[in-house]
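# Residue-level structure breakdown
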Amino acid sequence: MEYGLIGEHLSHSFSKMIHEKITPCNYDLKELAPQEVGPFLRAKEFKGINVTIPYTQMVIPYLEEISSLAGRIGAVNTIVNRKGKLCGYNTDYYGMKALIDRLGIDPAGKKILILGAGGCSRTARTVVTELGAAEVYIVSPAGENGQEKAVSFEEACDMHADAEIIINTTPCGMYPDIDDCPIDISGFHRLCGVIDVVSNPLRTVLVLEAQKRGIPAEGGLYMLAVQAVRAAEIFTGTKIGSEKTQQIFVDFLNSRRNIVLTGMSLAGKTTLGTLLSERLGRPLEDTDQMIIRREQRTITEIFAVDGEEYFRDRETEMARILAPQNGLVIATGGGLILRPENVDALKKNGCIIFLDRPFDQILPADDRPLANTREKVAALLKVRYPIYKSVCDESVTNDLTPEEGITRILNALQHA
């Protein structure tokens, strides 16, 4: 192995994809059982590796040298083999600090809860402490992890509901368990920032719940990108600037997240979705067509026989099917956003783009039972327009040519 990542379970990892965007190296994912870690490191058959859950502390005794930062944290996530001498570093520190800066949250003087007690928890604690946090509590299931001020999750909710920042360093909510959430934030009324180191899905339930409340929140992909760049610099001895780092992140984010088009029937979702699919080489999924294929009948027939509620239930099924997938173009039915659970599902790995088409360009459609007359279109638009605006990540006016619509969508996707 030349370069790569070691860990216990790596099927969720984006590391190979992101490292191969940074440098033209061979980067492999190597899953190891705990008893295999020592022999692997002693063999030293690699140039450089990253280390993830649960081995960032376990690897330390096998290293001849560790950086002062890694020693201060007590966790190593990057190892370089220098002529048989294994040297350990912690690049997660730089990723965590960059993510905090990106969100615009200031830990100084604040009370912070860090969920989890592993190596990444130690990194997060070091970062926020050095940034001046007033109180930092490690939250673990048993409330005991060898670090002072450790509390259980129950104690965190009952005794520390005045926490201002929550950082999740546990794998809770990670693919494939994307509907899990490590803590209920509804009782934390002073929250001003939430960070989740999970990067798959791109937005966890924890992040989505915070964003709904207007709290700055983000998943771990930016942290992953920054720490990967820093690791690549250590591997290769070359400096990668902040501007290139940002572009690497944006490009990787856009390669992974789904482009979810919403809007009224005949607002251009299928047309622009088809063109985007062809332009970007991505699969196109149309939720209406998925339902038609599943039911083997038209939408008009579904409404006539089983009613609107039955159709909405099928839309929810399609949203759940699409939620864990990456790199798709998704054209949604006009009413899919009426159910918040559908929006949550598609936001986990998607950027929701509202195609805002002027009313005079939205024509009635015979195959759309709720929008087959001009009057029905007007009534639907009045009800749905504020919902489209409130749930979208980006709004794009679609009033010119399809080519112009595509350009506007691609420009909107640069707002990472």
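Criteria and cut-off values
- Residues numbered from 1 in each chain as written.
- Predicted model: local features only at pLDDT ≥ 70, side-chain atom pairs only at ≥ 80, totals over all residues.
- Heavy atoms only, no water.
- Phe/Tyr/Trp six-rings, centres within 6.5 Å; stacked < 30°, edge-to-face > 60°.
- Helix = DSSP H or I, 4+ residues; strand = E, 2+ residues; numbered from the N terminus.
- Buried < 20%, exposed > 50% of the residue type's maximum accessible area, 1.4 Å probe, protein only.
- Arc of directions from axis to C-beta.
- Contact = heavy atoms within 4.5 Å.
- Polar contact = N/O pair within 3.5 Å; in protein donor to acceptor, adjacent residues only side chain to side chain.
- Pairing = 2+ DSSP bridges.
- Axes fitted to C-alpha atoms, helices over the stretch in contact; angles between N-to-C directions.

## Comments concerning the packing of aromatic side chains
Throughout the structure, instances matching the rule amount to eight aromatic pairs. Relative to Phe235, the ring of Tyr3 has its centre 5.1 Å away and its plane inclined at 35°; by these criteria the two rings are tilted. One end of the pair, Tyr3, is in strand 1 (residues 3-7); the other, Phe235, is in helix 8 (residues 221-236), with 232 residues separating them in the sequence. In this structure Phe235 comes out as buried when scored by relative accessible area, which is 12%. Relative to Phe249, the ring of Tyr222 has its centre 4.9 Å away and its plane inclined at 85°; by these criteria the two rings are edge-to-face. Remark: Phe249 occurs in helix 9 (residues 242-256) and Tyr222 occurs in helix 8; sequence separation between them is 27 residues. Phe249 matches Tyr222 in its accessibility class, with the two residues each being buried.

## Thoughts on helix 11 (residues 287-295)
Regarding helix 11, the residues found buried are Thr287, Asp288, Met290, Ile291 and Glu295. Buried residues in helix 11, looked at end-on, bunch into an arc of 160°, giving them a common side. In this structure, the buried side of helix 11 is in contact with strand 14 (284-286), helix 12 (299-322) and strand 15 (329-331). Between a side-chain oxygen at the N-terminus of helix 11 and the backbone nitrogen of Asp288 the separation is 3.0 Å; the capping residue is Asp286. Just downstream of helix 11 lies Gln296, where phi reads positive at about 60°.

## Details of the sheet that holds strand 15
Taken together, the five strands give an open sheet; going across it, the order is 14-15-13-16-17, and neighbouring strands pair in parallel fashion. Looking at strand neighbours, the two that pair on one side only are strand 14 and strand 17 (394-397), the edges of this open sheet. With strand direction ignored, the average angle separating the axes of adjacent strands in the sheet is 25°. Sheet topology places strand 14 next to strand 15; three bridges connect them, and they run parallel. When the sheet's bridge partners are listed, Leu284 is paired in strand 15 with Val329. Along the sheet face, helix 11 touches strand 14 and strand 15 and points at about 70° away from the line of strand 14.

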